[in-house]
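Understanding the architecture of this molecule
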Amino acid sequence: MAIDKTEIKILKLLQDDARITNQVLAEKVGMSASPCWRRVKKLEEENIIQGYRAILNRKKIGLGVMVFVRVIIDSDSEAEAQKFEQEVTELENVVACYSIGGDTDFLLQVVSHDLDSYADFAMTVIRRLPGIKEMQSMFVLKEIKPLDAYPISLI
């Protein structure tokens, strides 16, 4: 689907404030409310807008530790990779998982209350996932630019 300039403005505004009313959104993009609502619905139906959520401060909700975990699985088997993917998606502490190229197969983003709870999770859960050959934990010392929105200007 080609995205036009009006839809780019809509996406930018919704990323900045997903609670914006349709009326205010329409005014900001320079159109009436009904056509604006239809554009938003079209973006949702095309799965460009996948949902709306609140951005939480992880530290204030007790998740003081963030870790990126590099994982190498035992084989190049597609079945092994799928089994790993299936199990990792069910882990609550894993907030993101990426299949990546290079010398590592997967990159997991993990949150935990503290170092002790992460150590326990890493050793009793991640290490026990199917096909794990190697894992390396990289602890986040400071979040400089966490993901909060995609750069709409690149569209």
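Looking at an unreviewed UniProt entry, one finds the chain named Leucine-responsive regulatory protein and attributed to Providencia rettgeri.

Moving on, we get to the nonpolar core. Counting 20 residues, the largest nonpolar core has V69, V71, F84, L108, V110, Y118 and I126 as the members making the most contacts within it. Among the elements of the structure, strand 1 (65-73), helix 4 (78-88), strand 3 (106-112), helix 5 (115-124) and strand 4 (132-139) are those that each provide at least two residues to this core. Formed by 13 residues, the second largest nonpolar core is a distinct cluster that contains I10, V40, L43 and I49.

Across the sheet, four strands lie side by side as 2-3-1-4; this open sheet has antiparallel pairing. Here the strands that pair on one side only, and so sit at the sheet edges, are strand 2 (94-99) and strand 4. Each adjacent strand pair in this sheet contributes to an overall mean axis angle of 20°, direction not counted. Strand contacts of helix 4: strand 1, strand 2, strand 3 and strand 4, with the helix running at about 15° to strand 3, the strand carrying the most contacts. Packed on one face of the sheet, helix 5 meets strand 1, strand 2, strand 3 and strand 4 and runs near 170° to strand 4.

Another point: the UniProt feature "domain: HTH asnC-type" (unreviewed entry) in the chain. The UniProt entry lists residues 3-64 under the feature "domain: HTH asnC-type" (unreviewed entry), expressed in the numbering used here. Split by type, residues 3-64 is 53% helix and 0% strand. Its first and last C-alpha atoms lie 39 Å apart.

Each α-helix winds once per 3.6 residues, and so residues spaced three or four apart point in a common direction. Here helix 2 (residues 22-29) has its buried residues at L25, A26 and V29. Projected down its long axis, helix 2 carries its buried residues within an arc of 100°, all on one side. Facing away from the buried side of helix 2 by more than 90 degrees, the exposed set consists of E27 and K28. In this fold, the buried residues of helix 2 make contact with helix 1 (5-16) and helix 3 (33-45). One or two residues past the end of helix 2 sits G30, with phi positive at roughly 80°.

Moving on to the domain arrangement of the chain. Each domain of the chain was delimited in the assignment, giving domain 1 (3-44) and domain 2 (56-137). Computed from C-alpha atoms alone, the centre-to-centre distance between domain 1 and domain 2 is 36 Å.

Another aspect to go through is the packing of aromatic side chains. By convention here, two paired aromatic rings are described through the distance between centres and the angle between planes. Scanning all chains against the criterion turns up two aromatic pairs. Here the aromatic rings of Y118 and F139 are separated by 5.5 Å at their centres, their planes lie at 85°, and the arrangement is edge-to-face. On the criterion of sequence distance, the pair formed by Y118 in helix 5 and F139 in strand 4 is long-range, its members being 21 residues apart. Judged by relative accessible area, F139 falls into the partly exposed class, the value being 40%.

What counts and what doesn't
Residues numbered from 1 in each chain as written. Predicted model: local features only at pLDDT ≥ 70, side-chain atom pairs only at ≥ 80, totals over all residues. Heavy atoms only, no water. Core = buried A, V, L, I, M, F, W, Y, C linked by side-chain atoms within 4.5 Å. Buried < 20%, exposed > 50% of the residue type's maximum accessible area, 1.4 Å probe, protein only. Helix = DSSP H or I, 4+ residues; strand = E, 2+ residues; numbered from the N terminus. Pairing = 2+ DSSP bridges. Axes fitted to C-alpha atoms, helices over the stretch in contact; angles between N-to-C directions. Contact = heavy atoms within 4.5 Å. UniProt positions renumbered as here; feature names shortened; annotations may be inferred. Arc of directions from axis to C-beta. Domains from an automatic or database assignment. Phe/Tyr/Trp six-rings, centres within 6.5 Å; stacked < 30°, edge-to-face > 60°.

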